[in-house]
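As a plain string of letters, each chain reads:
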Amino acid sequence: MTNVLVTSLIGHFVMAAMQDDALKALISDLGEGIVIDPELLEGCSVAAHDLDDMDAAQAAEVAAHVFFTLFETKVLEQTGESAEPEEGEWSGLVNGFRFVIERDGDGDLVVDFSEAPSVSSSDA
């Protein structure tokens, strides 16, 4: 019974690692320049008319909603790090991926996702 359990756990971790790699590749390919429009925000706790005045936590909510909607991945953690409404820029993390929301040249809010830099033990 123990060997079956160990084999099952190894299989689970291998599948999780493959899914993580697939998500990283998907975000690398499609994670930039995502326009935040009212249709994309359907069901989000932050309404479209509140976007300009978001705080960091609300920006993380918006990014998490977009992440879940587009990448069909459950959001386990979200953190807003900065909010600069006057400059039209917000940032933080969703599931370990960095997000930046900013206003583009057309006046639309756009979110970009990227891999967050890893913190080495010398940085901690």
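Residues numbered from 1 in each chain as written. Predicted model: local features only at pLDDT ≥ 70, side-chain atom pairs only at ≥ 80, totals over all residues. Heavy atoms only, no water.

Draft legend 1. Just the packing of aromatic side chains, in detail. Counted by the stated rule, this structure contains 4 aromatic pairs. Their ring planes at 70° and their centres at 5.3 Å tell us that Phe 67 and Phe 71 sit as a pair that is edge-to-face. Taken as a pair, Phe 67 and Phe 71 lie in helix H2 (residues 56-71) at a separation of 4 residues, close to a single helical turn. Residues Phe 67 and Phe 71 agree in their burial class; the two are buried. Relative to Phe 113, the ring of Phe 67 lies with its centre 5.4 Å away and its plane at 65°, an arrangement referred to as edge-to-face. (Phe/Tyr/Trp six-rings, centres within 6.5 Å; stacked < 30°, edge-to-face > 60°. Helix = DSSP H or I, 4+ residues; strand = E, 2+ residues; numbered from the N terminus. Buried < 20%, exposed > 50% of the residue type's maximum accessible area, 1.4 Å probe, protein only.)

Draft legend 2. Focus on the confidence of the model for the protein. The predicted model of the protein averages 83 in pLDDT, with 79% of residues at 70 or higher. Low pLDDT, under 50, characterises residues 11-18; the stretch is placed with 0 contacts to residues that sit more than four places away or in other chains. (pLDDT = per-residue confidence, 0-100. Contact = heavy atoms within 4.5 Å.)

Draft legend 3. Up close: the nonpolar core. Counting 26 residues, the largest nonpolar core has Val 62, Phe 99, Ile 101 and Phe 113 as the members making the most contacts within it. For this core, the secondary-structure elements that each account for two or more residues are helix H1 (2-30), H2, strand E3 (89-94), strand E4 (97-103) and strand E5 (109-115). Of the residues forming this core, the biggest block, 8 residues, is contributed by H2. Leave out the neighbours within four places in its chain, and Phe 99 touches Ala 59, Ala 60, Ala 63, Thr 79, Trp 90, Ser 91, Gly 92, Leu 93, Val 94, Val 111, Asp 112 and Phe 113. (Core = buried A, V, L, I, M, F, W, Y, C linked by side-chain atoms within 4.5 Å.)

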